[in-house]
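So the chains spell out like this:
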Amino acid sequence: MSGATGKAGINIRQWQEGSFGSASKNYKHFLKFFLFSPGVILSFMFYFKKMIMNTYTESTRRNILFAVMLASFLTPFAGSALSAALPDVGRAYGAGPDSLAWILQSFLLGCIVFMLPVGKVTEKAGCRLVFMAGMAVFVISALIAPLQTEYAGFLVSRALQGLGSAMIFATNNSILSLTFPPEKRGFAMGWNISMVFLGSTLGPCVGGLANFYFGWRSIFWIFAAVGSLALAFSFVFMRDPMRLPHTGKGADWIGIVLYGLSMLLTMGGLAEISRCDWAVWAFTGGIVLAVLLVVLERRVPDDKAVLPTRLFSTNRMFAGSTLAAVINFAGVFAELFLVSLYLQSVLGFSSREAGLILLLHPLPMCLLSPLMGSLSDRVGCTRLCCIGMAVITLGLTAVGACVFFRQFWPLLPALAATGVGSAFFGAPNNSAIMGSVNREQYGIASAMLGAARLVGQSLSMALAGVVLTMKWPGLAPRDLLALDIIIAFAVMTVLTAIGIFASALRQPAKGPAA
């Protein structure tokens, strides 16, 4: 363990000399790694498939679940794998550190801007077609992104990758809800969300290794390889078009445009609100458009509206579960980012050591989510969601206390506690959302679930960014950073505490969703 200053000096020299992530010319090693990385990922997949086969005997359903799991793994994996390669991508395109955040932000914006419109398209085109089209868009964008010669073209390719991810996330929960009966829905949701957590966990690790040995472009080849396998698996085993009951005629184009502009301005403004003056105006304009959208959508028939306002006003289970999902992601998503800063910049751990320590958060989520999903089928969702949010709140409080007292060892169980709480909350809450709507509303409900996740993540990172820019006179840099992290965790703790009440006060429904 070395001092923070010395480690920071190494990073600066690596940036200046361009030595970090230099591509290897040993093609034998490249071939081994190219085969090994997807192999590690897929070994998890087939391990989970084997377990599913042992607990659920209907081959069609288990194969569809496996295809959805593979796609659900890939989208968060693509969102996080590039984080370790940002400096090298910036050098390749001549982009400064201030603009590198848009490599990740363009992906998120592509997801959230298209999420709800894709949900409406699913009602007409069917889940299978939209799901497979999303996989195809994802693979094609992964192939063309590293070939771009201009930074703007690269960002557009990342936005297209976000569009493909939106098409996947807007349909995956619908497919599972159409495939599995209500008493097995939590089981399917649990396995699926465990793949989301696994993708987020392995992304930085696999991406960092690929970038270090073979350059950042190799990360996109891994995207394309795994995505092609997921597309082939979906084509073979997803035979039913999975059309949703739909009686609407035409589309609410005004609502679609307003939604896209409001999300673009709001999320784009949030991403830059701590750095640029225009971001405040963009964020304000996005909020104004969002309010206008809500007013107009209340006058649009339910079968055409892009935003299900009546569903929110008449279905408390749906409204409360969606609100709880936003609060959960807003309160938890920035935790690993802030703890990583604490470990490296305050306690002086290396990035490798910090990365291993941070695994204590997602591992319980991966392991316990299937169990919690199955449990929600028997005992209901509301109780598990409340317990999960309460455990998360206690865990965040403990993490903040560790930063306040400059402790390390108590941080380990605190990180694990937030992971356990997230496992209690995630799959049951997803099952509650999908179980609270009718079959014809699966498309928009699945899209709203994806949008809630992305909005919560964006709010969480915006909160962290704003707090970390706060200045306190008379404090040394390390003490200033620690104080800002403590304030961020205090706000996140309050959010998740509110989330306990949002989970408890939703209207109970009959069946698994209750």
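Residues numbered from 1 in each chain as written. Predicted model: local features only at pLDDT ≥ 70, side-chain atom pairs only at ≥ 80, totals over all residues. Heavy atoms only, no water.

1. Re the overall build of the protein
Here comes step 1: The helix and strand tally for the protein stands at 20 helices and zero strands.
Here comes step 2: A buried classification covers 55% of the 514 residues belonging to the protein.
Here comes step 3: Considering only residue pairs separated by 6 or more positions, the protein has 83% of its internal contacts joining residues 24 or more positions apart.
Here comes step 4: Of the roughly 21,200 Å² of accessible surface on the protein, a fraction of 70% belongs to carbon and sulfur atoms. (Helix = DSSP H or I, 4+ residues; strand = E, 2+ residues; numbered from the N terminus. Buried < 20%, exposed > 50% of the residue type's maximum accessible area, 1.4 Å probe, protein only. Contact = heavy atoms within 4.5 Å. Areas by Shrake-Rupley, 256 points an atom, 1.4 Å probe, with all protein chains shown as cover.)

2. Considering the side chain of Asp 88
Here comes step 1: Along the chain, Asp 88 turns up in helix H4 (residues 86–93).
Here comes step 2: At a separation of 3.0 Å, a polar atom in the side chain of Asp 88 contacts the side chain of Asn 211. (Polar contact = N/O pair within 3.5 Å; in protein donor to acceptor, adjacent residues only side chain to side chain.)

3. Structural notes on the environment of Val 306
Here comes step 1: The residue Val 306 is located in the loop between helix H11 (278–297) and helix H12 (309–314) in this model.
Here comes step 2: Owing to a relative accessible area of 1%, Val 306 belongs among the buried residues under this scheme.
Here comes step 3: Separated by 185 residues in the primary sequence, Val 306 and Val 121 have C-alpha atoms spaced 9.8 Å apart.
Here comes step 4: Ignoring anything within four residues of it in the chain, the contact list for Val 306 reads Leu 116, Pro 117, Lys 120, Asp 252, Gly 255, Ile 256, Tyr 259, Leu 293, Glu 297 and Ile 444.

4. A look at the pattern of salt bridges
Here comes step 1: In this structure the tally under the stated criterion is two salt bridges.
Here comes step 2: Among the ionic pairs, Arg 91 bridges to Asp 88, the shortest N-O distance being 2.4 Å. On the criterion of helical spacing, the pair formed by Arg 91 and Asp 88 is a turn pair, its members being three residues apart in helix H4.
Here comes step 3: Judged by relative accessible area, Arg 91 falls into the partly exposed class, the value being 28%.
Here comes step 4: The exposure class of Asp 88 is buried, given its relative accessible area of 9%.
Here comes step 5: Of the charged contacts in the structure, one is a salt bridge between Asp 479 and Arg 406, with a shortest N-O distance of 2.8 Å. With a gap of 73 residues between them, Asp 479 in helix H20 (residues 477–504) and Arg 406 in the loop between helix H17 (382–404) and helix H18 (411–435) connect regions that are remote in the sequence.
Here comes step 6: The exposure class assigned to Asp 479 is partly exposed, which follows from its relative accessible area of 34%. (Salt bridge = Lys/Arg side-chain N within 4 Å of Asp/Glu carboxyl O.)

5. Quick notes on helix H7 (residues 151–179)
Here comes step 1: The end-to-end C-alpha distance of H7, which contains 29 residues, comes to 42 Å, matching closely the 42 Å that a straight helix rising 1.5 Å per residue would cover.
Here comes step 2: Maximum bend of H7: about 30°, positioned at Thr 171.
Here comes step 3: Within H7, 25 of the 29 residues are buried, which leaves it mostly tucked inside the rest of the structure. (Expected span 1.5 Å × (residues − 1). Bend = angle between axes of the 7 residues up to and from the residue.)

6. Some words on unusual backbone geometry
Here comes step 1: At Arg 406, a residue that is not glycine, the phi angle is positive and equals roughly 55°.
Here comes step 2: Judged by its relative accessible area of 33%, Arg 406 is partly exposed.

7. Thoughts on the packing of helix H13 (residues 316–332) against helix H19 (residues 442–468)
Here comes step 1: As a packed pair, H13 and H19 sit with axes 7 Å apart at the nearest point and diverge in direction by 30°. One element, H13, and the other, H19, form an angle in the roughly parallel class. When you trace H13 past H19, the crossing you get is right-handed. For the pair formed by H13 and H19, the contact residues are Phe 318, Thr 322, Ala 325, Val 326, Phe 329 and Ala 330 on the first element and Ala 445, Met 448, Ala 452, Arg 453, Val 455, Gly 456, Gln 457, Leu 459 and Ser 460 on the second.
Here comes step 2: Tallied by class, residues from the contact of H13 with H19 come to ten nonpolar, four polar and one charged. (Axes fitted to C-alpha atoms, helices over the stretch in contact; angles between N-to-C directions. Parallel < 35°, antiparallel > 145°, perpendicular 65-115°, else oblique. Left-handed = near helix turned anticlockwise from the far one by under 90°. Nonpolar A, V, L, I, M, F, W, Y, C, P; charged D, E, K, R; others polar.)

8. Re the packing of aromatic side chains
Here comes step 1: In total, this model carries 18 aromatic pairs according to the counting rule given.
Here comes step 2: Relative to Trp 216, the ring of Phe 154 lies with its centre 5.6 Å away and its plane at 80°, an arrangement referred to as edge-to-face. Of this pair, Phe 154 sits in helix H7 while Trp 216 is found in the loop between helix H8 (182–214) and helix H9 (217–237), placing the two residues 62 residues apart along the sequence. As far as the burial class goes, Phe 154 and Trp 216 line up, both buried. (Phe/Tyr/Trp six-rings, centres within 6.5 Å; stacked < 30°, edge-to-face > 60°.)

9. Remarks on helix H6 (residues 127–144)
Here comes step 1: For H6, which comprises 18 residues, the first-to-last C-alpha distance of 26 Å matches the rise-based estimate of 26 Å (1.5 Å per residue) to within 8%.
Here comes step 2: Those residues of H6 that fall on the buried side of the exposure criterion are Cys 127, Arg 128, Val 130, Phe 131, Met 132, Gly 134, Met 135, Phe 138, Val 139, Ser 141 and Ala 142.

10. Quick word on the environment of Ser 374
Here comes step 1: Relative to the assigned elements, Ser 374 resides in helix H16 (residues 362–379).
Here comes step 2: Spatially, the C-alpha atom of Ser 374 lies 8.6 Å from that of Met 189, the residues being 185 residues apart in sequence.
Here comes step 3: Apart from residues no more than four positions distant in its own chain, Ser 374 is found in contact with Gly 186 and Phe 187.

11. A few points about the layout of surface pockets
Here comes step 1: In this model, the second largest pocket occupies a volume close to 570 Å³.
Here comes step 2: In terms of lining, the second largest pocket is formed by 22 residues, of which the most central are Met 263, Leu 307, Val 326, Met 448 and Val 455.
Here comes step 3: Counting residues per element, the ones that place at least two in the lining of the second largest pocket are helix H10 (253–272), H11, H13 and H19.
Here comes step 4: Tallied by class, the residues present in the lining of the second largest pocket amount to 19 nonpolar, three polar and no charged. (1 Å grid on protein atoms, 1.4 Å probe; cavity = no way out; pocket = protein on both sides within 12 Å on 5 of 7 lines; lining within 4 Å. Points joined across faces, edges and corners; volume = space filled by probe spheres on them.)

12. Comments concerning a nonpolar patch on the surface
Here comes step 1: Taken together, the side chains of Ile 140, Leu 143, Ile 144, Val 156 and Leu 160 define a hydrophobic patch exposed on the protein surface, amounting to about 400 Å² of accessible area.
Here comes step 2: Counting residues per element, the ones that place at least two in the nonpolar patch are H6 and H7.
Here comes step 3: With respect to the helices and strands, Leu 160 occurs in helix H7. (Patch = residues over 30% accessible without salt bridge, like charges linked within 9 Å, V, L, I, M, F, W, Y side chains within 5 Å.)

13. Considerations on the packing of H7 against H19
Here comes step 1: H19 packs onto H7 with a crossing angle of 130° between their chain directions and a minimal axis gap of 7 Å. Our classification of the angle between H7 and H19 gives oblique. For the crossing formed where H7 meets H19, the hand is right-handed. When H7 is examined against H19, the residues Phe 169, Ala 170, Thr 171, Asn 172, Asn 173, Ser 174, Ser 177 and Leu 178 are found in contact with a partner set consisting of Tyr 442, Gly 443, Ser 446, Ala 447, Leu 449 and Arg 453.
Here comes step 2: Of the residues assigned to the contact of H7 with H19, the class counts are six nonpolar, seven polar and one charged.

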